[in-house]
Amino acid sequence: MNSIRCKVEYLAPFNDAVYQVTLRPERPFEFAAGQYLSIVMGEKDKRPFSIASAPGSELLELHIGAAVTESYPMQVVDRLRDQGEITIEAPAGDAYLRHESHRPRILIAGGTGFSYIKSIVEQQIALGQQVETTLYWGCRTPSAMYFESIAREWHDAHPWLHFVPVVEEAPADWQGRTNRLLDQIDEDFVSLGGYDIYIAGRFPMVGAARELFRQKGVEEQHLYGDAFAFIK
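This structure is a prediction, so every number in the text was calculated from the model and none was measured. (Residues numbered from 1 in each chain as written. Predicted model: local features only at pLDDT ≥ 70, side-chain atom pairs only at ≥ 80, totals over all residues. Heavy atoms only, no water.)

Caption draft 1: Main features of the environment of E89. Among the structural elements, E89 can be located in strand 6 (residues 85-92). The sequence separation of E89 and M1 amounts to 88 residues, and the corresponding C-alpha distance is 6.2 Å. The residues contacting E89, other than those within four sequence positions of it, are M1, N2, S3, L37, S38, V40 and K46. Polar contacts involving the side chain of E89 include one to the side chain of K46, which spans 3.0 Å. (Helix = DSSP H or I, 4+ residues; strand = E, 2+ residues; numbered from the N terminus. Contact = heavy atoms within 4.5 Å. Polar contact = N/O pair within 3.5 Å; in protein donor to acceptor, adjacent residues only side chain to side chain.)

Caption draft 2: A look at the pairing of strand 3 (residues 36-42). For strand 3, the tally of buried residues reaches six of seven residues, placing the bulk of the element in the interior. Relative to strand 4 (residues 45-50), strand 3 runs antiparallel, the two being bridged by six bridges. Pairing of Y36 across the sheet is with S50, part of strand 4. Counting the residues in the hairpin turn of strand 3 and strand 4 gives two residues. (Buried < 20%, exposed > 50% of the residue type's maximum accessible area, 1.4 Å probe, protein only. Pairing = 2+ DSSP bridges.)

Dropping the structure here:
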């Protein structure tokens, strides 16, 4: 684990609830696609965020869900904005891309869990891999899908990548699925045996996903999510 000072290069809202942040580390460090860093707010206050950029990127990208009512992440946004630099500890996490595997992949993001998935997809692209990959991103409404544009660009540019946007509430012209995220996956797959599955989102969703996937024959050694280290 490295302790590294970073300059805040960019900080702006995607929408009214999610901020995009880019950091320039004072020195490069190695990490794997899908790992996370912790922003050091105090000696015993270190807050984890997925690294949204792929390994080898000059800048580190974060997506911070920080609606005004959510003080915990908003405190981080305010610190970044006010100080212009921050100390991070990195890398961490065991749910990184197993790029040597050629099993088909299912990538699942709830809300800002997309930041974790973004690093994995961009690494697949950088490596020139063409492993069949289905990306599910679930949000409550289309407006909450803050980086839908880049996911649709991946879908259009790479025949091996299939983007399935899922929202719970949608207008009539919505170009995607209207459903709960896990219900959509339940409908789409009879069996989850044979897949590498990567998942990020709120702990209750990830825990419910594991229970559902067990019913569908998931091989748990091929189910990756850092939330599993914190939920029983």
